Protein chains: 2
Amino acid sequence: MIKVAVDAMGGDYAPSQMVAGAIAAANLRKDIQVVLVGRKEDVEKELSGKDYPHDRIQIAHASEVIATEEPPVNAIRKKKDSSIVVGMNLVKKGEADAFVSAGSSGAVLVGGQVIVGRIKGVERPPLAPLIPTEKGVSLLIDCGANVDARPSHLVQFARMGSIYMEHVMGVKNPRVAIVNIGAEEEKGNALVKETFPLLKACTDINFTGSIEAREIPHGGADVIVCEAFVGNVILKLYEGVGATLISKVKAGMMTSLKSKIGALLVKPALKETLKSFDASQYGGAPLLGLKGLVVKTHGNSKANEVCNSIIQCVTFKEQGINEKIKESLSIETQEQN
Amino acid sequence: MIKVAVDAMGGDYAPSQMVAGAIAAANLRKDIQVVLVGRKEDVEKELSGKDYPHDRIQIAHASEVIATEEPPVNAIRKKKDSSIVVGMNLVKKGEADAFVSAGSSGAVLVGGQVIVGRIKGVERPPLAPLIPTEKGVSLLIDCGANVDARPSHLVQFARMGSIYMEHVMGVKNPRVAIVNIGAEEEKGNALVKETFPLLKACTDINFTGSIEAREIPHGGADVIVCEAFVGNVILKLYEGVGATLISKVKAGMMTSLKSKIGALLVKPALKETLKSFDASQYGGAPLLGLKGLVVKTHGNSKANEVCNSIIQCVTFKEQGINEKIKESLSIETQEQN
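Residues numbered from 1 in each chain as written. Chains lettered and ligands numbered in written order. Predicted model: local features only at pLDDT ≥ 70, side-chain atom pairs only at ≥ 80, totals over all residues. Heavy atoms only, no water.

Caption draft 1: Spatial organisation of the overall build of chain A. When its secondary structure is counted, chain A shows 11 helices and 11 strands. Compactness check: chain A gives a C-alpha radius of gyration of 21 Å against a globular reference of 20 Å for 337 residues, within 12% of the reference. Across the 337 residues in chain A, those meeting the buried criterion constitute 58%. Considering only contacts within chain A whose residues lie at least 6 apart along the sequence, 73% involve residues at least 24 apart. Taken as a whole, chain A presents about 13,700 Å² of accessible surface, with 51% of it coming from carbon and sulfur. Placing the 40 positive and 38 negative side-chain charges of chain A at their respective mean positions leaves the two points 3 Å apart. (Helix = DSSP H or I, 4+ residues; strand = E, 2+ residues; numbered from the N terminus. Rg over C-alpha atoms; globule rule 2.2 N^0.38 Å. Buried < 20%, exposed > 50% of the residue type's maximum accessible area, 1.4 Å probe, protein only. Contact = heavy atoms within 4.5 Å. Areas by Shrake-Rupley, 256 points an atom, 1.4 Å probe, with all protein chains shown as cover. Lys, Arg positive; Asp, Glu negative; His and termini not counted. Charge placed at Lys NZ, Arg CZ, Asp CG, Glu CD.)

Caption draft 2: Spotlight on the pattern of salt bridges. Residues and elements named next belong to chain B. One pass over the structure, following the stated rule, counts 22 salt bridges over all chains. The closest approach of N and O atoms between E318 and R29, which form a salt bridge, is 3.4 Å. Of the two residues, E318 is situated in helix 10 (residues 303-318) and R29 in the loop between helix 1 (16-28) and strand 2 (32-38); the sequence distance between them amounts to 289 residues. Residue E318 is classed as exposed on the basis of its relative accessible area of 54%. (Salt bridge = Lys/Arg side-chain N within 4 Å of Asp/Glu carboxyl O.)

Caption draft 3: Up close: the nonpolar core. L36 and I216 of chain A together with L36 and I216 of chain B are the most contacted members of the largest nonpolar core, which totals 172 residues. Excluding residues that lie within four positions of it along the chain, L36 of chain B makes contacts with V6, A8, M18, V19, A22, V43, L47, I57, Q58, I59 and A60 of chain B. (Core = buried A, V, L, I, M, F, W, Y, C linked by side-chain atoms within 4.5 Å.)

Caption draft 4: Quick peek at the sheet that holds strand 2 of chain B. Residue and element names in this part refer to chain B. Pairing in this open sheet of six strands is mixed, and the strands run 3-2-1-4-11-10 from one edge to the other. The open sheet has two edge strands with one neighbour each: strand 3 (57-61) and strand 10 (285-287). Pairs of neighbouring strands in the sheet enclose a mean axial angle of 25°, with direction left out of account. Judged from the three bridges that link them, strand 10 and strand 11 (residues 293-296) form a sheet pairing that is antiparallel. Looking at strand 11, one finds that P286 is bridged to V295. Along the sheet, helix 1 contacts strand 1 (2-7), strand 2 and strand 3; its crossing angle with strand 2, the most-contacted strand, is approximately 165°. Relative to strand 4 (residues 98-101), helix 4 (residues 83-92) is tilted by about 160°, and along the sheet it contacts strand 1, strand 2, strand 3, strand 4 and strand 11. (Pairing = 2+ DSSP bridges. Axes fitted to C-alpha atoms, helices over the stretch in contact; angles between N-to-C directions.)

Caption draft 5: Seen up close, helix 6 (residues 151-167) of chain A. For helix 6 of chain A, which comprises 17 residues, the first-to-last C-alpha distance of 25 Å matches the rise-based estimate of 24 Å (1.5 Å per residue) to within 8%. For helix 6 of chain A, the tally of buried residues reaches 14 of 17 residues, placing the bulk of the element in the interior. (Expected span 1.5 Å × (residues − 1).)

Caption draft 6: Local environment of the sheet that holds strand 11 (residues 293-296) of chain A. Residues and elements named next belong to chain A. With mixed pairing, the six strands of this open sheet are ordered in space as 3-2-1-4-11-10. What marks the edges here is a single partner per strand, and that holds for strand 3 (57-61) and strand 10 (285-287). On average, each strand axis in the sheet is tilted by 25° relative to the strand beside it, whichever way the strands run. Two strands pair when backbone bridges link them, and strand 4 (residues 98-101) and strand 11 are joined in this way by four bridges, in the parallel orientation. The residue of strand 11 that forms the bridge with V100 is V295. Contacts from helix 1 (residues 16-28) reach strand 1 (2-7), strand 2 (32-38) and strand 3 within the one sheet, and its direction differs from that of strand 2 by about 165°. Strands strand 4, strand 10 and strand 11 of the sheet are contacted by helix 5 (residues 105-116), whose axis makes an angle of about 175° with strand 11.

Caption draft 7: Representation of the interface of chain A and chain B. In this complex, chain A contributes 52 residues to the contact, which on the side of chain B involves 52 residues. Carbon and sulfur atoms make up 76% of the surface buried where chain A meets chain B, a total of about 4,800 Å² over both sides. On the chain A side of the contact with chain B, I181, F229 and K248 of chain A bury the most area, a combined 14% of that side's loss. Counting the contacts that link chain A with chain B gives four salt bridges. As a salt-bridge pair, K236 of chain B and E212 of chain A come within 2.3 Å of each other at their nearest N and O atoms. The tally of links between chain A and chain B comes to 12 residue pairs in polar contact (both at pLDDT 80 or more). At the level of secondary structure, the elements contributing two or more residues to the side of chain A that touches chain B comprise helix 7 (190-200), helix 8 (228-253) and helix 9 (257-275) of chain A. Counting residues per element, the side of chain A that touches chain B draws most heavily on helix 8 of chain A, which supplies 21 residues. Across the side of chain A that touches chain B, the residue classes tally to 29 nonpolar, 15 polar and eight charged. (Buried area = accessible area lost by both parts, 1.4 Å probe. Polar contact = N/O pair within 3.5 Å; in protein donor to acceptor, adjacent residues only side chain to side chain. Nonpolar A, V, L, I, M, F, W, Y, C, P; charged D, E, K, R; others polar.)

Caption draft 8: A look at the relation of the copies chain A and chain B. When chain A is brought onto chain B, the operation consists of a screw motion whose angular component is 180° and whose axial shift is 0.0 Å, with 0.0 Å RMSD remaining. Look at the turn and shift together and you get a two-fold axis relating the two. Relative to the rotation axis, the C-alpha of G262 of chain A is the closest in chain A, positioned 1.9 Å from it. (Least-squares fit on C-alpha atoms with pLDDT ≥ 70 in both.)

Caption draft 9: Molecular detail of the packing of aromatic side chains. The tally for this structure, following the rule as stated, stands at four aromatic pairs over all chains. Consider the rings of F196 of chain B and F207 of chain B, whose centres lie 5.2 Å apart with planes at 75°: the pair is edge-to-face. Taken together, the residues span a long stretch of sequence, with F196 of chain B in helix 7 (residues 190-200) and F207 of chain B in strand 8 (residues 206-212) at a distance of 11 residues. Take F196 of chain B and F207 of chain B: they sit in the same class, and that class is buried. A cation over a ring is seen here: K302 of chain A above Y13 of chain A, with NZ or CZ 4.8 Å from the ring centre. (Phe/Tyr/Trp six-rings, centres within 6.5 Å; stacked < 30°, edge-to-face > 60°. Lys NZ or Arg CZ within 6 Å of the ring centre and 35° of its normal.)

This is how it looks when you write it as structure tokens:
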């Protein structure tokens, strides 16, 4: 049995879609227990009349909500009774194995570090979303809030990302690459040049060298290592270019009567193919290296993504990801000695 | 009359498409003189039988070619009789106003700095391609080879980019923004945080603040300032995501008989709309801040893009861009005193 705390108040469609996602997960698998964290009366209203296992969905009352625009550090410090702080405290106290939130990214990142806390030896917990590629998905690590990373951080990202892709996503011997501006070893900025030989020396990962941004959508690597500023640019540009192109395609189809008729005919097939270019079916982005698991889902998550994020937590626990991360850090320490 | 040297040997479709582009430009405008730089016999073969003004297309013989995979610094130093070195020397000696090449990016960047040379006061010449957006195009500055820029470089990029967009592209009072991971002033890595107040203090540009990568394809700014590593990631990811999505759309249309018929009907309209998401119609990427103009066009440029790049050089010269850059640097010096 695994216990997942879910932020019932965070996200564009909270509380309804968060609660619906929790119900779906609990109905789908008997080994899941969900704690919905948020305003009791709001959550109860959403639950009322729904068909779900009453013994496996509980409520943890939290009177406050952290808004997306609030400065995260301040919000975490002051709103002690917010759904994010209460939910993370459940993980900290061992009363939940994981916490899933579609709320403020900043607050989730700060709370993860400050409340849940890092595994001993982890220098910086990276946020690692899955991005869609031609071949499936890749893990983009780090897209967190801490920029200006050091080479040792990137090496830990590579190790943690590799463990996640192998054991949660089931990719055998995942290809790990570092984002660079050319394929050659001598290319790159100071950070990449310093990190490259360190990654090459890692015996526990399948490091394949540099990856140019052009190759990322083609699925050129399973684990894409970069510091958070670059990761953020990649993640957001992915969304931006995708949205713009799809709207161009739609507009193009609406320009003439002929094309409008054509659009009706291609639409169902197109929808199906483009669905494969949407990573939300895989769940949310884990914040790795914490004593417990924190998963950040998109702000616009609906029930399906919330449900998938909860199930993702089960695999994370079952596969003993944190134990494997601890093991990998001990290899690191041995190598340094 | 403006004289443009064209690298006849660089690019995937050299020499035929380079020569065809030069002919098109010379036929289009009477104020253009082209010097085709490359192996005389190859260029003559391409010219033979074509209809063009013989007095306005010359050949400058160059016996060598720099290949894309050659280490640039070495290639520029050793291949003294390569089309890139010979062409750039024409600009240096004042025998040509500009040089256009679809050849090795690295060699063009190195040659620009080493042979043509920087305008006094320019700390680093940025490569500034145009990228397509929903609203038209934006200038992405810098995508060059020199990474780990300093704040003062970024400020010069902003100034030069603003001048280019206003006077070559005709965008009145162009919006200048810096690539960042959030819209707030306190966000960013060390470089962005240091650069932000410097840009805010510039009285000669229309600085609008930070731009998140998501907003770039929506046309959120006219001049997008970043250091070269991030610029390279943006440029290449743009291409990668675009190519992947278009291939997904095409594959989707081919999944059933119904969708195949639909595809036939939407294809012409779609082609037209997607053409607007292709920046090559505007010419190549200028390497700004040099004593003369160097334009790098895509390696896969065909005649049309080469022709547009040559015409772009005319506007550059007519508008006195380098004089305006020098003026802007003198404002900078005054502000510092």
